[in-house]
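# Fold and contact review
Chain by chain, the residues run as shown.
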Amino acid sequence: MHCLHPGDLYPYSRKPLFLIVDSDNSSTFQHMPNLFGFPLVVLMSSVQVPLNFQEQRHRGNLFTLFLYSPLTAFCYICDVVESHLERWQQAEALIQKMFVDISQLIARSKNIDSSYRQFYGDDFLRLIILRFIFCSNVLRLHKNFKGCHPASQPPLPRNDFLDNSTLHKHVYDLATLLNVRARFHDASMLD
């Protein structure tokens, strides 16, 4: 079987490198060394997914869906199969509000690795980072995804981005709008 290993990418880390690894073996990239001191960020899908989503992997991976279309991914994991245009637009607006708050958190965070800030200047990578943080929060709060969360290297500061009550409120507001609030844990019940 042909596989890409972290060592295969070492030569590319002589310049800033931003990787998205969507694989059931993504954890092999968890400790990819930064050999040359240039910015290096690796966003990794969860190695495990709940059983009811494993059957769907042949259609595409959930992590990629979150990075491509966050609202579609949210609806997919919550079994929302149809929505009126007005409600869809309200949901998109809620996600945009969350992105604004994430942007402010990135700007204010004293604990975030400088690699994220350096890549944040690129419009496309900024969008990927925002969507990754959205994905991380949604999956962390969803009842079916216990222990099935994406990871990053370097890790994002947990208190700033994963245990943030403002970001959790946005997820709950979105779930309430789409009538799926019961599918999410209260933040107080998280590990």
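Residues numbered from 1 in each chain as written. Predicted model: local features only at pLDDT ≥ 70, side-chain atom pairs only at ≥ 80, totals over all residues. Heavy atoms only, no water.

What follows is about helix H4 (residues 85–108). Its 24 residues place the ends of H4 35 Å apart at the C-alpha level, agreeing with the 34 Å of an ideal helix rising 1.5 Å per residue. Turning to H4, its buried residues are Ala91, Leu94, Ile95, Met98, Phe99, Asp101, Ile102, Leu105 and Ile106. Where H4 is buried, its residues touch helix H3 (70–77), helix H5 (114–120), helix H6 (123–141), helix H7 (158–162) and helix H8 (165–177). (Helix = DSSP H or I, 4+ residues; strand = E, 2+ residues; numbered from the N terminus. Expected span 1.5 Å × (residues − 1). Buried < 20%, exposed > 50% of the residue type's maximum accessible area, 1.4 Å probe, protein only. Contact = heavy atoms within 4.5 Å.)

We now examine unusual backbone geometry. Residue Pro154 follows Gln153 across a cis peptide bond; omega there is 0 degrees. The topology assignment puts Pro154 in the loop between strand E3 (151–153) and H7. Even without being a glycine, Asp79 presents a positive backbone phi close to 60 degrees. The residue Asp79 is located in the loop between H3 and H4 in this model. When its relative accessible area of 53% is taken as the criterion, Asp79 is described as exposed.

You can see His142 is positioned in the loop between H6 and E3. Its relative accessible area of 1% is what places His142 among the buried residues. One polar contact links the side chain of His142 to the main-chain carbonyl oxygen of Ile77, over a distance of 3.3 Å. Setting aside residues up to four positions removed in sequence, His142 forms contacts with Ile77, Cys78, Arg183, Phe184 and His185. (Polar contact = N/O pair within 3.5 Å; in protein donor to acceptor, adjacent residues only side chain to side chain.)

Turning next to the packing of H3 against H4. Contact pair H3 / H4: the axes reach a minimum separation of 10 Å and the direction vectors enclose 115 degrees. Taken together, the axis directions place H3 and H4 in an arrangement best described as roughly perpendicular. The handedness of the crossing between H3 and H4 is right-handed. Along its contact with H3, which presents Pro70, Leu71, Thr72 and Cys75, the element H4 presents Trp88, Ala91, Glu92, Ile95 and Phe99. Its residues assigned to classes, the contact of H3 with H4 comprises 7 nonpolar, 1 polar and 1 charged. (Axes fitted to C-alpha atoms, helices over the stretch in contact; angles between N-to-C directions. Parallel < 35°, antiparallel > 145°, perpendicular 65-115°, else oblique. Left-handed = near helix turned anticlockwise from the far one by under 90°. Nonpolar A, V, L, I, M, F, W, Y, C, P; charged D, E, K, R; others polar.)

With that settled, consider the packing of aromatic side chains. Between two aromatic rings, the relevant description is the distance of the centres plus the angle of the planes. Within this structure, the stated rule accounts for 5 aromatic pairs. Look at Phe63 and Phe132: their rings are 6.0 Å apart centre to centre, the planes differ by 85 degrees, and that puts the pair in the edge-to-face class. Residue Phe63 is located in helix H2 (residues 62–68), and its partner Phe132 is located in helix H6; the two are separated by 69 residues in the primary sequence. For Phe132, a relative accessible area of 3% translates into the label buried. When the centroid spacing of 5.5 Å and the interplanar angle of 10 degrees are considered together, the rings of Phe74 and Phe184 count as stacked. Of the two residues, Phe74 sits in helix H3 while Phe184 sits in the segment after H8, which places them 110 residues apart along the sequence. For the pair shown, Phe74 and Phe184 are each scored as buried. Put simply, the rings of Phe66, Phe99 and Phe134 touch in pairs and so form one group of aromatic residues. A cation sits over an aromatic face here: Arg126 above Tyr120, 5.3 Å from the ring centre. A cation over a ring is seen here: Arg181 above Tyr172, with NZ or CZ 3.9 Å from the ring centre. (Phe/Tyr/Trp six-rings, centres within 6.5 Å; stacked < 30°, edge-to-face > 60°. Lys NZ or Arg CZ within 6 Å of the ring centre and 35° of its normal.)

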